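Next come the chains, spelled out residue by residue.
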Amino acid sequence: MAEQDWKTSKRTFAAVSLPTLLWVVVFFLVPMAIVWLYSFGENRGLTEIEFSGTLDNYKRATEWLYLGIFGKSFAVAALVTLICLIIGFPVAMAITFASEKWRPWLLLGIMLPFWTNLLIRTYALMMLLGTQGFANKGMGALWEGTSWIKTLVGLQPLPTWEPVQLLFNNFAVVFGLVYVHLPFMVLPLYAALDRLDRSLIEASLDLGAGHFRTIMRIVVPLAAPGIIAGVMITLIPALGAYLTPDLMGGTDSQMIANVIERQFKKANDWPFGAALSFLLIYAMFALIAIQSMHKKVPEVR
């Protein structure tokens, strides 16, 4: 049977695509358009907003205070993405070269966190990193053990162990975001690595290239689409993260999403919150555009 082109069966294509298109328009584009209009509005009283077309909200959003928060959010998101890439690439390679028996179980382990609510996972991390958490208790036990060994050999014991502040700082935010977003990096990398022609890797090793050189000169270039996809899928959600910085970060660890949340809830300044939101969206669109511009265009011969 010959393949049917959607151009020759427009009614069938419209019948299939129309419900999805309506859903996107009604529940995504229309709400986004309303928030976009809010960004050009002004507060008139406690609950009334006038759509005056003003740009004051965007001018205020570009003040140094908020630009600094934007910059810090980009820096944290970039660091989280880099750490996820460094950790995720070996993990994806291990899953790719695992036996058929263990590969599904390894993939299940990567996807298992998605089966638990993010709020519950964040509170579990807080229990792990707290001053009375398992991390501090483990380090305290090692500290006391080392002190006991020093005493045993006739040396001065170590001072009394003081719990390390692992929560409510930048470290906790980065740690939590890496934990949350690591699967988003591993899965695209695995999908790209799984499609590699392994004979190229074997040929590189047979010709004398070491494992590291083979990875850098053969595996990484061929897996570049998966790397780019993983970076974008990790960077953009990390840039707009709200819950993890809010629960695990301190007053100096807030990101731009927390500032936006306060405008809509505590400050009751919806127009300014909408302007901040769309500046973040514009930045994300710019990242996607830059990524698209750097794709290699096939040469026409």
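These numbers come from a predicted model, not from an experiment. Residue positions are counted from 1 within each chain, in the order its sequence is given. Reporting of local features is limited, given that this is a predicted model, to residues whose pLDDT is at least 70; pairs of side-chain atoms are given and counted only at 80 or more, and all residues count toward the totals for whole chains, interfaces and linings. The basis for every side-chain value is the complete set of non-hydrogen atoms in the structure, without hydrogens or water.

A. Focus on the confidence of the model for the protein. pLDDT gives the predictor's per-residue confidence on a scale running from 0 to 100. Taken over all residues, the pLDDT of the protein has a mean of 88, while the share at 70 or more is 95%. By definition in these notes, contact holds between two residues if any of their heavy atoms fall within 4.5 Å. Overall, residues 297-301 carries pLDDT values under 50, and its contacts beyond four positions in sequence, including any with other chains, amount to 0 contacts.

B. View of the packing of helix H10 (residues 224-239) against helix H13 (residues 270-293). The angle between two axes is taken between their N-to-C directions and runs from 0 to 180 degrees, where each axis is a line fitted to C-alpha atoms and a helix contributes only its stretch in contact. Labels follow the DSSP assignment, with helices taken as runs of H or I lasting at least four residues and strands as runs of E lasting at least two, numbered in each case from the N terminus. Look at H10 against H13: their axes get within 11 Å of each other, and the N-to-C directions meet at 170 degrees. When the axes of H10 and H13 are compared, the pair comes out roughly antiparallel. Contacts from Ile228, Met232, Leu235, Ile236 and Leu239 of H10 reach H13 at Leu280, Met284, Leu287, Ile288 and Gln291. Each residue is assigned to one of three groups, with Ala, Val, Leu, Ile, Met, Phe, Trp, Tyr, Cys and Pro labelled nonpolar, Asp, Glu, Lys and Arg labelled charged, and all others, Gly among them, labelled polar. Its residues assigned to classes, the contact of H10 with H13 shows 9 nonpolar, 1 polar and no charged. Should an angle fall under 35 degrees it is taken as roughly parallel, and over 145 as roughly antiparallel, whereas 65 to 115 is taken as roughly perpendicular and any remaining angle as oblique.

C. Region of the structure containing the pattern of salt bridges. Salt bridges, as used here, are contacts in which a Lys or Arg side-chain nitrogen is within 4 Å of a carboxyl oxygen on Asp or Glu. Scanning all chains against the criterion turns up 6 salt bridges. The salt bridge involving Glu42 is made with Arg44; its shortest N-O contact spans 3.4 Å.

D. The environment of Arg217, seen in detail. Looking at the element boundaries, Arg217 is found in helix H9 (residues 211-222). For the pair Arg217 and Trp105, spaced 112 residues apart in the sequence, the C-alpha separation amounts to 30 Å.

E. Local environment of the packing of aromatic side chains. Aromatic pairing here means that ring centres of Phe, Tyr or Trp (its six-membered ring) are within 6.5 Å. Orientation follows from the plane angle: under 30 degrees is stacked, over 60 is edge-to-face, and everything else is tilted. Scanning the entire structure with this criterion turns up 11 aromatic pairs. Aromatic pair Phe278 and Tyr282: ring centres 5.9 Å apart, planes at 55 degrees, arrangement tilted. Pair noted here: Phe278 and Tyr282 are both in helix H13, with a separation of 4 residues, about one helical turn. Categorising residues by exposure relies on relative accessible area from a 1.4 Å probe, with only protein chains included: less than 20% of the type maximum marks a residue as buried, more than 50% marks it as exposed, and the intermediate range marks it as partly exposed. According to the relative accessible area criterion, Phe278 is buried, its value standing at 8%. Three or more aromatic residues joined by ring pairs make a cluster, and in this case those are Tyr38, Phe51, Phe264 and Trp270. Here, a charge over a ring means that NZ of Lys or CZ of Arg falls within 6 Å of the ring centre while also lying within 35 degrees of the ring normal. Above the ring of Phe272, the side-chain terminus of Arg60 is found at 3.8 Å from the ring centroid.

F. The arrangement of the domain arrangement of the protein in detail. Segment limits for the domains were obtained from an automatic or database-derived domain assignment. The assigned domain composition of the protein is domain 1 (62-130 + 166-268) and domain 2 (132-164). Between the C-alpha centres of domain 1 and domain 2 the distance comes to 33 Å. Tallying the contact residues gives 5 residues for domain 1 and 7 residues for domain 2. N or O atoms within 3.5 Å of each other form a polar contact, as long as, within protein, one can give a hydrogen and the other can take it, and as long as residues adjacent in sequence are counted only when both atoms are side-chain atoms. Inspection of the region where domain 1 meets domain 2 yields 6 residue pairs in polar contact (both at pLDDT 80 or more). Across the side of domain 1 that touches domain 2, the residue classes break down as 4 nonpolar, 1 polar and no charged.

G. Structural detail: the UniProt feature "transmembrane region" (unreviewed entry) in the protein. UniProt marks residues 12-38, 74-98, 105-129, 171-193, 214-243 and 270-290 with the feature "transmembrane region" (unreviewed entry), using the numbering shown here. For residues 214-243, the end-to-end C-alpha separation is 40 Å, with 87% helix and 0% strand making up the annotated structure. Span residues 270-290 is 100% helix and 0% strand, its end C-alpha atoms 30 Å apart. UniProt positions are given in the numbering used here, feature names are shortened, and annotations may be inferred rather than shown by experiment.

H. Here's a closer look at unusual backbone geometry. Despite not being glycine, Phe168 shows a phi value in the positive range, around 60 degrees. If you trace the backbone, Phe168 turns up in the loop between helix H6 (134-152) and helix H7 (170-193). Accessibility expressed as a relative area gives 46% for Phe168, which makes it partly exposed. A positive phi angle, close to 55 degrees, is found at Asn268, a residue other than glycine. In this fold, Asn268 is placed in the loop between helix H12 (256-264) and H13. Note on Asn268: relative accessible area 33%, which makes it partly exposed.

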